[in-house]
Amino acid sequence: MFTQNPQTVGVPEGTYVFDLRTCNRTLAFNRFFWNMIRPEYRQAFWEDEEAAMTAAGLKNDEKALVRARDWLGIVQYGVNFFVLEKWARVVKTTNLEVYAIMRGETFEEFMQTRAVPHAR
């Protein structure tokens, strides 16, 4: 039986904790995104997303998250955002666009919440 990670006691609701348990559970999924730093992995993904996901050992639910470009769902599933950023570049999505999607906003709506809304 697992006990709560003592480092997560008091963590606010809506926080998606990336701890050792999550890391172990989602290792292949995180590696899939991390590997996007390598040109051969990016090329394989661009040529055939399905084959790249299968070669990486992704489960069907993980593949569905990738196909849907479900950024928030991917983080909720247990992917570390810092490796997800690698993939964002591969699919030509900026961090700011990802943040907007995760907040359920358009990019323009999100930018209006920034201190410098016209900066890109």
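Residues numbered from 1 in each chain as written. Predicted model: local features only at pLDDT ≥ 70, side-chain atom pairs only at ≥ 80, totals over all residues. Heavy atoms only, no water.

Draft legend 1. Quick look at the overall build of the protein chain. Of the regular secondary structure elements, the protein chain holds nine helices and zero strands. Going from the N terminus to the C terminus, the protein chain shows its helices and strands as α-α-α-α-α-α-α-α-α. Structurally, the protein chain occupies a C-alpha span of about 45 × 40 × 20 Å along its principal axes. Per-residue burial for the protein chain yields a buried fraction of 35% across its 120 residues. Residue pairs in contact within the protein chain that sit at least 24 positions apart in sequence constitute 43% of those at least 6 positions apart. For the protein chain, the exposed surface amounts to about 7,800 Å²; the carbon and sulfur share of it is 57%. Positive and negative side-chain charges in the protein chain, numbering 15 and 15 respectively, have mean positions lying 5 Å apart. (Helix = DSSP H or I, 4+ residues; strand = E, 2+ residues; numbered from the N terminus. Buried < 20%, exposed > 50% of the residue type's maximum accessible area, 1.4 Å probe, protein only. Contact = heavy atoms within 4.5 Å. Areas by Shrake-Rupley, 256 points an atom, 1.4 Å probe, with all protein chains shown as cover. Lys, Arg positive; Asp, Glu negative; His and termini not counted. Charge placed at Lys NZ, Arg CZ, Asp CG, Glu CD.)

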